[in-house]
Amino acid sequence: MSDRVVLAYSGGLDTSVAISWIGKETGAEVIAVAIDLGQGGEDMELVRQRALDCGAVESVVVDARDEFADEYCLPTIQANALYMDRYPLVSAISRPLIVKHIVEAARAHGGTIVSHGCTGKGNDQVRFEVGFGALAPDLQVIAPVRDYAWTREKAIAFAEENQIPINVSKKSPFSIDQNVWGRAVETGFLEDLWNAPTKDVYDYTQDPTVNWNAPDELIISFEAGKPVAIDGKPVTVLEAIEELNRRAGAQGVGRLDVVEDRLVGIKSREIYEAPGAMVLITAHQELEHVTLERELGRYKRQMEQRWSELVYDGLWFSPLKDALDTFVAKTQERVTGDIRLQLHGGAIIVNGRRSSQSLYDFNLATYDEGDSFNQAASKGFVEIHGLSSKVAAKRDLGL
């Protein structure tokens, strides 16, 4: 029996060409595995059939939409994860889920080699291969696009020479990755940092001025850090993301133009659309401001950036990420309540908060009658709090 290669199959140019290329170069049988992460676009049955038409001996489609929402998007919400304080890890959180299913397929179908279609300049090669190493260190990895320096033109030429059934324009300007959590667009004229995105860059969001006269106000309810209802209607995590993609997208919310630091040491310009992601993270952050004790909240905000960096850098399965997940889970126990917000002109405006677990005490906060805060105690507190700085200042000033 020949070797079997399990390929992470997107249905696009590179992975379609990879099926034939791997077969010709290695003599191995290729099993294509496509993961439905709510990316929309083509029917997944068409994607499955394309892999067979390109020469795969087997083609599998996995519906992982709820799994993605519950086990990857939800932890991202609870960690308020924004890489470089902006990017909600649209592609980064999808890769470990794909890795998991590729490994499962390799075990089920007798595969000894796994493969992906990533280039050598991006982060995804790291996310895939470090993930494979963490879950299945015995499997070999083939990365034809990276290891053989494919360009788009070379891939198209190979497809034409070998009669691979693909339908792709040589003039398509962008590289696009998308799932239910968001959409990432790069390359083409966007590589000039001075060029503004044109309207054809966007798909998940409307121009922010389109519904300018019709702002959308809604209430998101959380239980233990998990979104459970929108405007009082119960939702799953997947349903929450999908509805907010629609409603926030209609208001132009979630457009991000980012120059980010890639793991491989270069800066890249990315355009992201993540309407549901940005609304859910914003609402969740606001509820934590109400329900987390001050020192816990301060420490968690420090940890959130580290969590984001680990995930961005492909270390989803690392011991540190696992330990931080335990910490995050503990912090969510009392993150329960409702956040009211308005979506308008590309902006998310929080204008209401309520929680049975709130640490906001009206009688302590008010400046009006009924104030229960002991202001007389503040004088000594301020003196003690600033004492070390005062002593140092006297020394430094020679007093």
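What you see is a predicted model, and the numbers here were worked out from it, not measured in a lab.

Draft legend 1. Region of the structure containing helix H4 (residues 94–109). Here H4 spans 23 Å end to end across 16 residues, near enough to the 22 Å set by a 1.5 Å rise per residue. Three or more residues of H4 are buried, namely Ser 94, Arg 95, Pro 96, Leu 97, Ile 98, Val 99, His 101, Ile 102, Val 103, Ala 105 and Ala 106. Looking at the residues trailing H4, positive phi occurs at Gly 110, about 75°.

Draft legend 2. Representation of the pattern of salt bridges in the model. Counted under the stated rule, the structure contains 30 salt bridges. Asp 177 serves as the salt-bridge partner of Arg 95, at 3.3 Å between the closest nitrogen and oxygen. Note that Arg 95 is positioned in helix H4 and Asp 177 in strand S6 (residues 175–179), a separation of 82 residues in sequence. Given the relative accessible area of 22%, Asp 177 is considered partly exposed. The salt bridge involving Arg 294 is made with Glu 295; its shortest N-O contact spans 2.8 Å. Taking relative accessible area as the criterion, Arg 294 reaches 56% and is therefore assigned exposed. Take Glu 295: its relative accessible area is 38%, and that puts it in the partly exposed class. Among the ionic contacts, a cluster of salt bridges with common partners joins Arg 95, Asp 124, Arg 127 and Asp 177.

Draft legend 3. Inspection of the sheet that holds S6 at higher detail. Read from one edge of the open sheet, four strands run S6-S7-S12-S11, paired in antiparallel fashion. Two strands in the sheet have a free side with no partner beyond their single neighbour: S6 and strand S11 (255–261). Strand-to-strand, the axes of this sheet are offset by a mean angle of 25°, without reference to chain direction. Of the pairings in the sheet, the one linking S11 to strand S12 (residues 267–273) comprises seven bridges and is antiparallel in character. Within S12, the residue paired with Leu 256 across the bridge is Tyr 272.

Draft legend 4. Here's a closer look at the pairing of S6. As judged from the five bridges shared by S6 and strand S7 (residues 182–186), these two strands associate in the antiparallel manner. Looking across to S7, one finds that Ile 176 is bridged to Val 185. The turn joining S6 and S7, which pair antiparallel and follow one another in sequence, is formed by two residues.

What counts, and at which threshold
- Residues numbered from 1 in each chain as written.
- Predicted model: local features only at pLDDT ≥ 70, side-chain atom pairs only at ≥ 80, totals over all residues.
- Heavy atoms only, no water.
- Helix = DSSP H or I, 4+ residues; strand = E, 2+ residues; numbered from the N terminus.
- Expected span 1.5 Å × (residues − 1).
- Buried < 20%, exposed > 50% of the residue type's maximum accessible area, 1.4 Å probe, protein only.
- Salt bridge = Lys/Arg side-chain N within 4 Å of Asp/Glu carboxyl O.
- Pairing = 2+ DSSP bridges.
- Axes fitted to C-alpha atoms, helices over the stretch in contact; angles between N-to-C directions.

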